[in-house]
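# Structural overview
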Amino acid sequence: MPLLEVENLTSGYGRNNIIHGISFAADEGSITAIIGPNGAGKTTLVQTIAGVVDARGGSVKLGGEPLDGMPARERARRGLGYTPQLRNVFGALSVEDNLEVVTRAMRLPHDRVDEVFELFPILAERRKQRSGTLSGGQRQQLAIASSLLMRPRLLILDEPTTGLAPQIVDSLIKQICVIERSGTGVLWVIEEHPSQILPLCGRVFLMESGQIHHEANGPQLLADPGFAEMFLGARIPQA
Ligand SMILES: Nc1ncnc2c1ncn2[C@@H]1O[C@H](COP(=O)(O)OP(=O)(O)OP(=O)(O)O)[C@@H](O)[C@H]1O
């Protein structure tokens, strides 16, 4: 059984539906990617899975358990971790306090903070630093660390590498691979760096105009000469 099963999911804002009857699945211990042009509805799709945007039809199951109608917080308790695009951390709080806000709110054991510090040593070094003064990459690590405190079965990452310096991108990708190898499923919305990320992806779903048009595995997709023009409007440089 796949870890995540999305069936015929529809959602939108106001009078407009943005995603139209999307179905796909993602497995544990592997990386599944969603890729597509700006405005395709990728963020809306993952926010609907996470319970941040209400579904208007269809279903989402995690480990066979339906999550439909549950608020985001309840989904998080059941193992669905979501790190939004905007690296939202509490800028006025220290690194450590950001993490403690989550452990207190979700009544988690305090040693979970040490667990995520092991994965992100730079955050441990900077535990007393105000988060607003971290670099973009460090803020992204803190946002991911906050999601990991719940020990999610599935971690959704919305464009985690966008806007980061190449060296930081490399180390973040390595850290995400460590998370995947620990058995966590990763659902990754890709915006930048496809030539680095796609080879790591078991399944890739190509989204356009609120629908999934194609499924492939990452290496297959990179080898497809039409892919870059079709979905990114540019040629993908080889890694
Ligand atoms: N809160 C909102 N209210 C109204 N419309 C929205 C809202 N968020 C997104 N949209 C619209 O939904 C459509 C899909 O946006 P979405 O952010 O899901 O796409 P995306 O594929 O993630 O794009 P990008 O790669 O640019 O982030 C766009 O037309 C966008 O303007």
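What you see is a predicted model, and the numbers here were worked out from it, not measured in a lab.

## Some points on the sheet that holds strand β1 (residues 4-13)
- One open sheet holds the 4 strands; their spatial order is β2-β1-β4-β5, and the pairing between them is antiparallel. Looking at the sheet topology across the chains shown, the edges are occupied by β2 (16-26) and β5 (65-66).
- As paired elements, β1 and strand β4 (residues 55-62) share 6 bridges and run antiparallel to each other. Paired with Ser11 across the two strands is Ala55, which belongs to β4.
- Packing of helix α1 (residues 42-50) onto the sheet brings it into contact with β1, β2 and β4, and relative to β1 it is tilted by some 115 degrees.

## Remarks on the site of the ligand
- Taken together, 13 residues surround the ligand, and among them Gly39, Gly41, Lys42, Thr43 and Thr44 come closest.
- Contacts to the ligand include Tyr13, whose side-chain N or O atom sits 3.5 Å from a nitrogen atom.
- Residue Thr44 places a side-chain N or O atom 2.5 Å away from an oxygen atom belonging to the ligand.
- Against a free-state accessible area of 640 Å², the protein chains account for coverage of 56% of the ligand.
- Take the shell around the ligand: its biggest share by element is 3 residues, from α1.
- Split into classes, the residues belonging to the shell around the ligand amount to 4 nonpolar, 6 polar and 3 charged.

## Things to note about the environment of Ala92
- Assignment of secondary structure puts Ala92 in the loop between β6 (80-83) and α3 (95-105).
- Given the relative accessible area of 62%, Ala92 is considered exposed.
- With 39 residues separating them along the chain, Ala92 and Ser131 place their C-alpha atoms 6.5 Å apart.

## What about unusual backbone geometry?
- A positive phi angle is found at Glu159, which is not glycine, with a value near 50 degrees.
- By the element assignment, Glu159 lies in the loop between β7 (154-158) and α7 (166-181).
- Positive phi values are uncommon outside glycine, yet His193 reaches one of about 60 degrees.
- Looking at the element boundaries, His193 is found in the loop between β8 (185-190) and α8 (194-197).
- Residue classification places His193 among the buried residues on the basis of a relative accessible area of 19%.

## Focus: the sheet that holds strand β10 (residues 211-216)
- Spatial ordering of the open sheet is given by β6-β7-β8-β3-β9-β10, a layout of 6 strands whose pairing is mixed. In this open sheet, the two edge strands, each paired with only one partner strand, are β6 and β10. For this sheet the average axis-to-axis angle between neighbouring strands, irrespective of direction, equals 20 degrees.
- As judged from the 5 bridges shared by strand β3 (residues 31-35) and β8, these two strands associate in the parallel manner. Within β8, the position partnered with Ala33 by the bridge is Trp188.

## Some details on the packing of α3 against helix α4 (residues 111-119)
- Contact geometry of α3 with α4 gives a least axis separation of 10 Å together with a crossing angle of 130 degrees. As summarised for this structure, α3 and α4 are arranged oblique, according to the angle between their axes. Along this stretch, α3 crosses α4, giving a crossing that reads as right-handed. Each of Val95, Glu96, Leu99, Glu100 and Thr103 in α3 lies in contact with α4, whose residues at this interface are Val113, Val116 and Phe117.

## Quick word on the packing of α3 against helix α6 (residues 136-148)
- At a minimum axis distance of 9 Å, the contact between α3 and α6 shows a crossing angle of 25 degrees. Classed by the angle they form, the pair α3 and α6 counts as roughly parallel. Where α3 crosses over α6, the handedness of that crossing is right-handed. Between α3 and α6, the contacting residues are Val95, Asn98, Leu99 and Val102 on the first element and Leu142, Ala145 and Ser146 on the second.

## Focus on the side chain of Glu100
- As for its placement among the helices and strands, Glu100 is situated in helix α3.
- Look at Glu100 and you get buried, because its relative accessible area is 15%.
- Apart from residues no more than four positions distant in its own chain, Glu100 is found in contact with His110 and Val113.

## Quick notes on the environment of Gly21
- Inspection of the secondary structure assignment puts Gly21 in strand β2.
- Taking the C-alpha atoms as reference, Gly21 lies 5.0 Å from Thr10; in sequence the two are 11 residues apart.
- In this structure Gly21 touches Asn8, Leu9 and Thr10, once residues within four positions along its chain are discounted.

Reading the values: rules and limits
- Residues numbered from 1 in each chain as written.
- Predicted model: local features only at pLDDT ≥ 70, side-chain atom pairs only at ≥ 80, totals over all residues.
- Heavy atoms only, no water.
- Pairing = 2+ DSSP bridges.
- Helix = DSSP H or I, 4+ residues; strand = E, 2+ residues; numbered from the N terminus.
- Contact = heavy atoms within 4.5 Å.
- Axes fitted to C-alpha atoms, helices over the stretch in contact; angles between N-to-C directions.
- Near = heavy atom within 4 Å.
- Polar contact = N/O pair within 3.5 Å; in protein donor to acceptor, adjacent residues only side chain to side chain.
- Areas by Shrake-Rupley, 256 points an atom, 1.4 Å probe, with all protein chains shown as cover.
- Nonpolar A, V, L, I, M, F, W, Y, C, P; charged D, E, K, R; others polar.
- Buried < 20%, exposed > 50% of the residue type's maximum accessible area, 1.4 Å probe, protein only.
- Parallel < 35°, antiparallel > 145°, perpendicular 65-115°, else oblique.
- Left-handed = near helix turned anticlockwise from the far one by under 90°.

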